[in-house]
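Structural characterization, general
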Amino acid sequence: MFVISGLFTRYVLKWKMASVCLFLCTILADLILLVVSVVDLAHGQTAKLSHSLAAVYIAVSVVYGRRMIQWADHQFVHLFLKMPRPKKSLLFGKEHAKHERLGWYRHLRAWTIGQGILLAMVWFVGDMSKAKELLMMAGRWTLVLVVDFVWSFSYTVWPRKEPKEILAKPRNW
């Protein structure tokens, strides 16, 4: 809601400072989510999927938040202000492999932050039988990270080739 409100405020109402405040509220909402999850666990609740998803959400928000807001910004400008979409360049070969590796490194940063939050929550709960869901999420996310590693780094070994029809067309630099 804060992102959409921020975009509306920025582009429709033309209130740049108000939109910045709304974007900053997304960080506040993340912190509130973390506090609510920890307080819930502090009151003796058994960790649920919602608690572990809160940790994942916060980690992903920290690492990818700016990119997600930029993406939403481009979509808003295109859909509601009828501006053209920014041109997306197709990557092949080494450039594509590098792009994929950088994406995996971002994922690794999010995973590291998320694992830290999950393990802190496990420590905070103090009872492994009540923290089982948090540990299961840590394992699931580790599996996803490993699959992403294999996928992303496979382009280093087997680079994406440029399609023949693109090669046949002259490039306008």
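Next up on the list: the overall build of the protein chain. Each helix and strand in the protein chain was counted, giving six helices and zero strands. Moving toward the C terminus, one meets the helices and strands of the protein chain in the order α-α-α-α-α-α. At 21 Å, the protein chain has a C-alpha radius of gyration far larger than the 16 Å of a compact globule built from 173 residues. Expressed along its principal axes, the backbone C-alpha trace of the protein chain runs to roughly 65 × 50 × 20 Å. The contacts of the protein chain with a sequence gap of at least 6 include a subset with a gap of at least 24, amounting to 69%.

One turn of the α-helix equals 3.6 residues, which is why residues spaced by three or four share an orientation. When we look at burial in helix H1 (residues 2–11), the residues that qualify are Gly6, Leu7, Thr9 and Tyr11. Where H1 is buried, its residues meet helix H2 (16–42) and helix H3 (49–80).

Once the charged atoms of two side chains with opposite charge are near each other, the side chains can pair. This model, assessed by the stated rule, comprises one salt bridge. Across the pair Glu133 and Arg140 runs a salt bridge whose closest N-O atoms are separated by 3.2 Å.

Taken together, the side chains of Phe8, Val12, Leu13 and Trp15 define a hydrophobic patch exposed on the protein surface, amounting to about 380 Å² of accessible area. Here Leu13 lies in the loop between H1 and H2.

This paragraph deals with the nonpolar core. The biggest cluster of nonpolar side chains holds 18 residues, and the ones touching the most others in it are Leu41, Leu118, Met121 and Leu134. Counting residues per element, the ones that place at least two in this core are H3, helix H4 (93–125) and helix H5 (132–157). The element contributing the most residues to this core is H4, with six residues. Residues in contact with Leu134, not counting those within four places in the same chain, are Leu41, Ala47, His51, Ser52, Leu118, Met121, Val122 and Val125. Leu7, Tyr11, Phe76 and Val77 belong to the second-largest nonpolar core, a separate cluster that totals six residues.

Within the chain, Lys14 stands out as a residue other than glycine whose phi angle is a positive 65 degrees. Along the chain, Lys14 falls in the loop between H1 and H2. By relative accessible area, Lys14 is classed as exposed at 63%. Even without a glycine there, the phi angle at Lys82 is positive, about 55 degrees. Looking at the element boundaries, Lys82 is found in the loop between H3 and H4. Taking the relative accessible area as the measure of exposure, Lys82 reaches 67% and is therefore exposed.

Here the focus is the environment of Ile27. Among the structural elements, Ile27 can be located in helix H2. Between the alpha carbons of Ile27 and Ser154 there is a distance of 35 Å; along the sequence they are 127 residues apart.

Next up on the list: the confidence of the model for the protein chain. Summarising the model, the protein chain shows a mean pLDDT of 88, and 95% of its residues fall at 70 or more. The least confident element of the protein chain, judged by mean pLDDT, is helix H6 (residues 164–168) at 59; the most confident is H5 at 95.

A word on the environment of His51. One can find His51 in helix H3. Residues His51 and Asp40 lie eleven residues apart in sequence; the distance between their C-alpha atoms is 8.7 Å. Apart from residues no more than four positions distant in its own chain, His51 is found in contact with Ser37, Asp40, Leu41, Thr46, Met121 and Leu134. Among the polar contacts made by the side chain of His51, one reaches the side chain of Asp40 at a distance of 2.6 Å. Of the polar contacts made by the side chain of His51, one reaches the backbone nitrogen of Lys48; its length is 2.9 Å.

Criteria and thresholds
- Residues numbered from 1 in each chain as written.
- Predicted model: local features only at pLDDT ≥ 70, side-chain atom pairs only at ≥ 80, totals over all residues.
- Heavy atoms only, no water.
- Helix = DSSP H or I, 4+ residues; strand = E, 2+ residues; numbered from the N terminus.
- Rg over C-alpha atoms; globule rule 2.2 N^0.38 Å.
- Contact = heavy atoms within 4.5 Å.
- Buried < 20%, exposed > 50% of the residue type's maximum accessible area, 1.4 Å probe, protein only.
- Salt bridge = Lys/Arg side-chain N within 4 Å of Asp/Glu carboxyl O.
- Patch = residues over 30% accessible without salt bridge, like charges linked within 9 Å, V, L, I, M, F, W, Y side chains within 5 Å.
- Areas by Shrake-Rupley, 256 points an atom, 1.4 Å probe, with all protein chains shown as cover.
- Core = buried A, V, L, I, M, F, W, Y, C linked by side-chain atoms within 4.5 Å.
- pLDDT = per-residue confidence, 0-100.
- Polar contact = N/O pair within 3.5 Å; in protein donor to acceptor, adjacent residues only side chain to side chain.

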